[in-house]
Amino acid sequence: MERKRLNYENKLILAPMVRIGTLPMRLLALDYGADIVYTEELIDWKLLRSFRRENDVLETIDYIDKTDGTVTFRTCLRERDKVVLQIGTCDATRALKVAKMVEQDVAGIDLNMGCPKLFSLVGKMGAALLGEPEIAVNILKTLVDNLSIPVTCKIRILPDLDKTLELCELLQSTGISAIAVHGRTINERPQHINRNEVLRKISERLSIPVIANGGSKEIQKYSDISKFKEITGCNSVMLARAAEWNCSIFSKEGLLPMEDVIKSYLKYAVDCDNPPSNTKYCIQNILREQQESTLGRKFLNSQTLEQICDLWALSDYCQLKKKEFEEKGLLGRSQVSP
Ligand code: FNR
């Protein structure tokens, strides 16, 4: 059966976020109302040294790093038609190899053209591609021409408006299905204002959906998302920090208390057997200043998923799941070698 193609019009999207956008957070964002969820940026060579494995115990699909056995990318059927994998790359051949490898498991591929971190710039990836548009065009064209799923890219704006519009038109000409634009330049930090008027100009110029990004500071509640759409003239919005702090920002019903969000997140972390270090990092970013509280300090001393669950009265849930996994694991093994 032919798969439904992902449509980027009028969508609420979880932005790519390193370490935050792993499977538990993506599933939580979908529960709350996100239409599309982006993975964290995954670097091409790291995916290329991973192999695909169906995990019968967790009911996930895992890409495992051959060199150290760690999970590079974990996904599952539930998100298959909504998850976009973001690649960090500077090379069309490698990008295509990665995309072909994951094509059956994801709904779209995104090229990171906005990361300003030194490791990206040195590797000629991320925001370095803004200064090398011919390389970006080659990567995007190669992906568009050879994949059955849509291709997008995520950029930052350039200091000059005309050059930004020129770049966007060039990127559009590759056949990409949408473009996400963060309204800050490479040198601007989150505290700088987001250039919403530039996003508006881009959306007026392009025919493909422009996904507005960079508005988290202006988005404290669900209704602020519509305001951001109006100001930017874009009908799709991508949220990073607002979702990192309280993922229920995607919910039409309004923001949920932090404790509820942490509990729901933790359940998914247990379901996905998420590494404790990653789970802790995500909860730390929800707790923020609350880390100074008594509970917060206990949390900072916790090391295992069981210990973290205990703090939010989820010990029973954690133990039950662990038992279920152990039983399934035994079953799985006995089927392989009777
Ligand atoms: C990011 N951002 C980011 N962008 C990207 O293209 N790939 C990535 O992997 C990451 N990683 C990442 C991690 C964390 C913790 C944060 C806060 C941000 C940038 C992000 O997607 C977004 O463009 C900016 O945060 C601006 O949007 P908001 O936060 O105003 O909604």
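Small disclaimer: the values here were computed from a predicted structure and weren't measured.

## A closer look at the site of the ligand
1) Next: Taken together, the neighbourhood of the ligand is formed by 17 residues, with Gln-86, Lys-154, Asn-213, Ser-216 and Arg-241 sitting nearest.
2) Next: The separation between an oxygen atom of the ligand and a polar main-chain atom of Gly-215 is 3.4 Å.
3) Next: Protein coverage of the free-state accessible area of the ligand, which is 610 Å², stands at 85%.
4) Next: Taken together, the residues of the shell around the ligand sort by class into six nonpolar, seven polar and four charged.

## Some remarks on the pairing of strand 4 (residues 60-65)
1) Next: Of all six residues making up strand 4, six are buried, and the element is well covered by its neighbours.
2) Next: Residues Thr-60, Asp-62 and Ile-64 of strand 4 are buried on one face, and the alternating residues Ile-61, Tyr-63 and Asp-65, pointing to the opposite face, are buried as well.
3) Next: Of the pairings in the sheet, the one linking strand 3 (residues 50-55) to strand 4 comprises six bridges and is antiparallel in character. Bridge assignment links Glu-54 to a residue of strand 4, and that residue is Ile-61.
4) Next: What sits between strand 3 and strand 4 in their antiparallel hairpin is a turn of four residues, with Glu-59 showing a positive phi close to 60°.
5) Next: As defined by bridge partners, strand 4 adjoins strand 5 (residues 71-75) across four bridges and the pair is classed as antiparallel. Paired with Ile-61 across the bridge in strand 5 is Thr-75.
6) Next: Where strand 4 hands over to strand 5, the hairpin turn is made up of five residues, of which Gly-69 adopts a positive phi near 75°.

## Structural notes on helix 5 (residues 133-146)
1) Next: Under the 1.5 Å per step criterion, the end-to-end length of helix 5 is 20 Å for 14 residues, consistent within 8% with the ideal 20 Å.
2) Next: Those residues of helix 5 lying buried are Ala-136, Val-137, Ile-139, Leu-140, Thr-142 and Leu-143.

## As for the sheet that holds strand 2 (residues 36-43)
1) Next: Read once around its circumference, the closed barrel built from eight strands follows the order 1-2-6-7-8-9-10-11, with strand pairing classed as parallel. Across the sheet, the mean angle from the axis of one strand to that of its neighbour is 25°, orientation sign disregarded.

## Thoughts on the environment of Glu-103
1) Next: Along the chain, Glu-103 falls in the loop between helix 3 (92-102) and strand 7 (108-113).
2) Next: Sequence-wise, Glu-103 and Leu-85 are 18 residues apart; in three dimensions their C-alpha atoms are separated by 9.4 Å.
3) Next: Contacts of Glu-103, omitting those with residues within four sequence positions, involve Arg-3, Asn-146, Leu-147, Ser-148 and Ile-149.

## Focus: the nonpolar core
1) Next: The biggest cluster of nonpolar side chains holds 103 residues, and the ones touching the most others in it are Ile-109, Leu-171, Ile-179 and Phe-250.
2) Next: Each of domain 1 (12-250) and domain 2 (258-336) accounts for three or more of the residues forming this core.
3) Next: Once you skip the residues sitting within four places of it in the chain, Leu-171 turns out to touch Met-113, Ala-136, Leu-140, Cys-153, Ile-155, Ile-176 and Ile-179.

## Points about unusual backbone geometry
1) Next: With a phi angle near 45°, Arg-288 is a residue other than glycine that sits in the positive phi range.
2) Next: The topology assignment puts Arg-288 in the loop between helix 11 (276-287) and helix 12 (294-301).
3) Next: For Ala-313, which is not glycine, the phi torsion reads 55° and is therefore positive.
4) Next: Within the element layout of this structure, Ala-313 appears in the loop between helix 13 (305-311) and helix 14 (315-336).

## Focus on helix 3
1) Next: When we look at burial in helix 3, the residues that qualify are Ala-92, Ala-95, Leu-96, Val-98, Ala-99 and Val-102. Projected down its long axis, helix 3 carries its buried residues within an arc of 165°, all on one side. Opposite its buried face, helix 3 presents the exposed residues Thr-93 and Lys-97, each directed more than 90 degrees away.
2) Next: The inward-facing, buried residues of helix 3 abut helix 2 (44-48), strand 4, strand 6 (83-88), strand 7 and helix 5.
3) Next: Between the side-chain oxygen of the N-cap and the backbone nitrogen of Thr-93 there are 3.1 Å, and the N-cap of helix 3 in question is Asp-91.

## Quick word on the packing of helix 10 (residues 258-271) against helix 11
1) Next: Packing of helix 10 against helix 11 brings their axes to within 11 Å, and their N-to-C directions diverge by 170°. When the axis of helix 10 is compared with that of helix 11, the two are roughly antiparallel. Packed against helix 10, whose contacting residues are Met-258, Val-261, Ile-262, Tyr-265, Leu-266 and Ala-269, the element helix 11 presents Asn-278, Thr-279, Cys-282, Ile-283, Ile-286 and Leu-287 at the interface.

## Section: the pairing of strand 6
On a regular strand, one side chain projects to one face of the sheet and the next to the other, so that they alternate.
1) Next: Of all six residues that make up strand 6, six are buried, and the element is covered over most of its length.
2) Next: Residues Val-83, Leu-85 and Ile-87 of strand 6 are buried on one face, and the alternating residues Val-84, Gln-86 and Gly-88, pointing to the opposite face, are buried as well.
3) Next: Bridge count between strand 2 and strand 6: five bridges; the pairing is parallel. Note on strand 6: the bridge partner recorded for Glu-41 is Gln-86.
4) Next: Looking at chain direction, strand 6 and strand 7 are connected through four bridges and run parallel. Directly across from Gln-86, in strand 7, lies its bridge partner Asp-110.
5) Next: Regarding the hand of the β-α-β motif, the stretch spanning strand 6, helix 3 and strand 7 is right-handed.

Here is what the cut-offs are and how they apply
Residues numbered from 1 in each chain as written. Predicted model: local features only at pLDDT ≥ 70, side-chain atom pairs only at ≥ 80, totals over all residues. Heavy atoms only, no water. Near = heavy atom within 4 Å. Polar contact = N/O pair within 3.5 Å; in protein donor to acceptor, adjacent residues only side chain to side chain. Areas by Shrake-Rupley, 256 points an atom, 1.4 Å probe, with all protein chains shown as cover. Nonpolar A, V, L, I, M, F, W, Y, C, P; charged D, E, K, R; others polar. Buried < 20%, exposed > 50% of the residue type's maximum accessible area, 1.4 Å probe, protein only. Helix = DSSP H or I, 4+ residues; strand = E, 2+ residues; numbered from the N terminus. Pairing = 2+ DSSP bridges. Expected span 1.5 Å × (residues − 1). Axes fitted to C-alpha atoms, helices over the stretch in contact; angles between N-to-C directions. Contact = heavy atoms within 4.5 Å. Core = buried A, V, L, I, M, F, W, Y, C linked by side-chain atoms within 4.5 Å. Domains from an automatic or database assignment. Arc of directions from axis to C-beta. Parallel < 35°, antiparallel > 145°, perpendicular 65-115°, else oblique. Right-handed = clockwise from strand over helix to strand, strands pointing away.

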